[in-house]
Amino acid sequence: MMKPAIAMGDRGLGWAGDSHPAWMLAHAKLLDHLVVGASAIGQMHLREGTGRDDAFLIRGLGPWLAIAVSDGIGSRPLSRFGASYTVESLTSQLLRPFSRLTPDPPAHRVTSPVPEAPGALEELGPSWPKARSKVSPSSAGIVSAFSGAAKGARAKLTPSSSMADVGHEQVASVGWRAAPSDSKRLELGDDSLPGGNAGDPTPDLHAVVRAAFEKTHLGLNEHARGLSLKVAELGCTALGVLMNLRTGGCIAGQVGDGAILGMTAQGQIQEIVPGSEDPQDTPTIGKSNFADFLAIQPAPVAPLQAVFVMSDGLSGDLLYSDKEGALEKVGTQIVRNLLLSATPGQAAIGLLNWLAGYKVKGSWDDRTLVVVTTPPGRADNDSDDSTG
Amino acid sequence: MSQSNLPNWAEVQPAGGERHLPVYLLIDTSDSMKGAPIEAVRQGLEQFQTETAGDEYARSIVHVGVITFGSEAKLVTEGLVPITSFQPPILEAAGATRLDLAFQELQASMDAHVVKPIKGAQKGDWKPCVFIFTDGLPTDSNGTLTNELWKPARDGVLNRVKGETKPSEVIAFGCGPNVVNENLKDISTGVAFRMGSSVASFVAVLRYVSMSLAASVASGANPDNTLLSNLDKVSLPPDLIRIP
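Small disclaimer: the values here were computed from a predicted structure and weren't measured.

Peer 1: Please explain the overall build of chain B as it appears in this structure.
Peer 2: Helix and strand counts for chain B come out as seven helices and eight strands. Rg of the C-alpha trace for chain B: 19 Å, near the compact-globule value of 18 Å for 244 residues, within the 12% margin. Seen through its C-alpha atoms, chain B measures out along the principal axes to roughly 75 × 35 × 35 Å. When burial is assessed residue by residue, chain B has 54% of its 244 residues classed as buried. Taking all contacts inside chain B whose residues are at least 6 apart in sequence as the whole, residues at least 24 apart take part in 70%. Put simply, chain B shows about 9800 Å² of open surface, and 49% of that area lies on carbon and sulfur atoms. Positive and negative side-chain charges in chain B, numbering 20 and 27 respectively, have mean positions lying 6 Å apart.

Peer 1: Would you mind going over the interface of chain A and chain B with me for this structure?
Peer 2: Many analyses report the size of an interface as the accessible area lost when the parts associate. Residue-level contacts link 44 residues of chain A with 45 residues of chain B. With both chains or domains summed, chain A and chain B bury close to 4000 Å², and 58% of this area falls on carbon and sulfur atoms. Where chain A touches chain B, the interface holds three salt bridges. The shortest N-O distance in the salt bridge between Lys361 of chain A and Glu18 of chain B comes to 3.6 Å. At the boundary of chain A and chain B, one finds 11 residue pairs in polar contact (both at pLDDT 80 or more). Those elements that place two or more of their residues in the side of chain A that touches chain B are α1 (43-48), α7 (312-318), α8 (326-340) and α9 (344-357) of chain A. Looking at which element gives the most residues to the side of chain A that touches chain B, the answer is α8 of chain A, with nine residues. Partitioned by chemical class, the residues of the side of chain A that touches chain B number 16 nonpolar, 15 polar and 13 charged.

Peer 1: Explain helix α3 (residues 99-113) of chain B here, please?
Peer 2: Working note: α-helix, 3.6 residues per turn, so residues spaced by three or four point in the same direction. All names here are of chain B. Under the 1.5 Å per step criterion, the end-to-end length of α3 is 20 Å for 15 residues, consistent within 8% with the ideal 21 Å. Buried within α3 we find Leu99, Asp100, Ala102, Phe103, Leu106, Ser109 and Met110. Summarising the contacts, the buried residues of α3 are in contact with β1 (21-28), β2 (62-69), β3 (73-75), β5 (129-134), α4 (150-158) and α5 (181-187).

Peer 1: Please explain the pairing of β5 of chain B as it appears in this structure.
Peer 2: Side-chain direction in a regular strand flips from residue to residue, so the side chains alternate between the two faces of the sheet. Residue and element names in this part refer to chain B. Within β5, six of the six residues are buried, which leaves it mostly tucked inside the rest of the structure. Of the two faces of β5, the one holding Cys129, Phe131 and Phe133 and the one holding Val130, Ile132 and Thr134 are both buried throughout. Where β1 and β5 come together, five bridges link them in parallel fashion. Bridge pairing in β5 links Ile27 to Phe133. Pairing between β5 and strand β6 (residues 169-175): six bridges, direction parallel. Across the sheet, the residue bridging to Phe133 is Phe173, located in β6. With respect to chirality, the unit in which β5 leads through α4 into the neighbouring parallel β6 is right-handed.

Peer 1: Would you mind going over the pattern of salt bridges with me for this structure?
Peer 2: Side chains carrying opposite charge are able to pair once their charged atoms draw close together. The full count for this structure, using the stated rule, is 17 salt bridges over all chains. Here Arg80 of chain A makes a salt bridge to Asp53 of chain A, at a shortest N to O gap of 3.4 Å. On the criterion of sequence distance, the pair formed by Arg80 of chain A in helix α2 (residues 79-95) and Asp53 of chain A in the loop between α1 and β4 (54-61) is long-range, its members being 27 residues apart. Comparing Arg80 of chain A with Asp53 of chain A, the two get one shared label, buried. Note that Asp100 of chain B is salt-bridged to Arg98 of chain B, the shortest N-O span being 2.9 Å. Of the residues examined, Arg98 of chain B reaches a relative accessible area of 12% and is grouped as buried.

Peer 1: For this particular structure, what's the right way to read empty space enclosed by the protein?
Peer 2: Here the idea is plain: a probe the size of a water molecule rolls over the atoms and shows the empty space left. All names here are of chain A. As enumerated under the stated definition, the model contains three cavities of 30 Å³ or more in all. Computed from the structure, the largest cavity encloses a volume of approximately 60 Å³. Contributing to the lining of the largest cavity are His33, Met243, Gly248, Pro303, Leu304, Gln305, Ala306, Val307, Val372, Thr373 and Thr374. Here the second largest cavity is characterised by a volume of approximately 40 Å³. Looking at the lining of the second largest cavity, the elements that each hand over two or more residues are β11 (306-310) and α8. Looking at the lining of the second largest cavity element by element, the count peaks at three residues for α8. By residue class, the composition of the lining of the second largest cavity is seven nonpolar, one polar and no charged.

Each value, and the rule that gives it
- Residues numbered from 1 in each chain as written.
- Chains lettered and ligands numbered in written order.
- Predicted model: local features only at pLDDT ≥ 70, side-chain atom pairs only at ≥ 80, totals over all residues.
- Heavy atoms only, no water.
- Helix = DSSP H or I, 4+ residues; strand = E, 2+ residues; numbered from the N terminus.
- Rg over C-alpha atoms; globule rule 2.2 N^0.38 Å.
- Buried < 20%, exposed > 50% of the residue type's maximum accessible area, 1.4 Å probe, protein only.
- Contact = heavy atoms within 4.5 Å.
- Areas by Shrake-Rupley, 256 points an atom, 1.4 Å probe, with all protein chains shown as cover.
- Lys, Arg positive; Asp, Glu negative; His and termini not counted.
- Charge placed at Lys NZ, Arg CZ, Asp CG, Glu CD.
- Buried area = accessible area lost by both parts, 1.4 Å probe.
- Salt bridge = Lys/Arg side-chain N within 4 Å of Asp/Glu carboxyl O.
- Polar contact = N/O pair within 3.5 Å; in protein donor to acceptor, adjacent residues only side chain to side chain.
- Nonpolar A, V, L, I, M, F, W, Y, C, P; charged D, E, K, R; others polar.
- Expected span 1.5 Å × (residues − 1).
- Pairing = 2+ DSSP bridges.
- Right-handed = clockwise from strand over helix to strand, strands pointing away.
- 1 Å grid on protein atoms, 1.4 Å probe; cavity = no way out; pocket = protein on both sides within 12 Å on 5 of 7 lines; lining within 4 Å.
- Points joined across faces, edges and corners; volume = space filled by probe spheres on them.

Here it is, written out as structure tokens:
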């Protein structure tokens, strides 16, 4: 049976236009984990009327969860095209070893009760982050950049010169999946996938992560060619996490800045992947020598109370304080606020508004954070080892 | 921490820490700069301070170091000074054109004054931006033209081992009849410019520099790779010519 799968977050960009929104959020309840992602445009981009360069995507496949965060480099106006491609590719490649594209046999289909379509869309609230973008009478910025392509000419891909809007409006697509009470659907057919049942041979996760980064690197180069661009114009970082939500096992890979952190049940936080020791490095996954900067590490303990994947717009504000316990305090507060939220949707909007709104002098970059967490107690009780 | 059973995002405040953009101005104070040219530089520095400190974002992060070079080189600001409190130094022109000594002062200052990030301790500065203003060709202490001194000193600044601070860009501005385009391009890491020697020229050029810095800060708040690309976004003063 095909595993149910999810995908949420930023989607890839190409010739169809720059649809990258200024703010993005995502949320899901998977097994007993709360998964929340949010990405907020930086104050400087808002001031200049340019777009968000961060991207994130979350994919789930059965018990497996793949998370990717990417930060397009600021000097390249089209780097978000690289960041969005990277998160699509990296999450897809991380789950590829666990996927079987076989249709459900008729005997395994759920016959009763037939679920009803959702009756109402949960309102996520009007409290979108306040925008201080320039007000311009022209609304042609994004459209005009691609009018040449629309006319049939293969116009050169150029960045929209400004967000050129008089406000920001919500553009959303929302999906529903099987409710937790139908979790049997997640269990059926486990034996058809590696890593599904205890005792099944699990792929070498280190090799899975390495292959995912290598294929993403190659694919990014091909994506650039398809857009008639040099890969340097799509320069971006790449942070990826592969988790097994049933066992709590977790492994992470990273090229470039940002951070992947794990929080234990005792509230201790540490980097799962050590960041670059040379702060002058600006490695990106498109570079031919990206493998020299690729770091892959399993989480030191499992399961973790929470996993945080973030771009450097946030990690720069969290990791370099000399105040003892500052990181643990913020991490604990974030997890607590997420778990206290009435719904996963409210948790996501709270996280997004926080990312968009907190003030630190000189901190004007895009901020992206994905959090996977469970209610307290689960991390204490489970004692699986750290591999999936 | 709040003990209510409702989320409270307002209390979640990252500790943060400040990060600065070091900007070095290397200024030729050799004998040929005496008189009007050195006065023009001083006025240009005043304009630079005014313009940069006037940008709400740049003033929060730009720290300035001024290195003069004649027969000797000196970091006249004695470190990196916040742009809001930067006061243009008194400049005196005399002697040879020891660009090599200026690069050595630059390297020493980058090691001593540019803050490196330490996790759990402090945010690091961005890579320094370096602007060089000269009206002639580099010399030795006797005033004899030579490339044997400044080139290795420049290489020492740019080709540093991993973990050592190096500039994001070195941009040379040449003024007067004695500068050579190829020499300016060799000094720079990317673009180089020719400019006039008047007060208005220095004022306009340093205003251009400050606007480019503000624009680079604006482009995603990471000036490391953005200064060059943002030089093109700022209009060139009339007598500032980009060397192809």
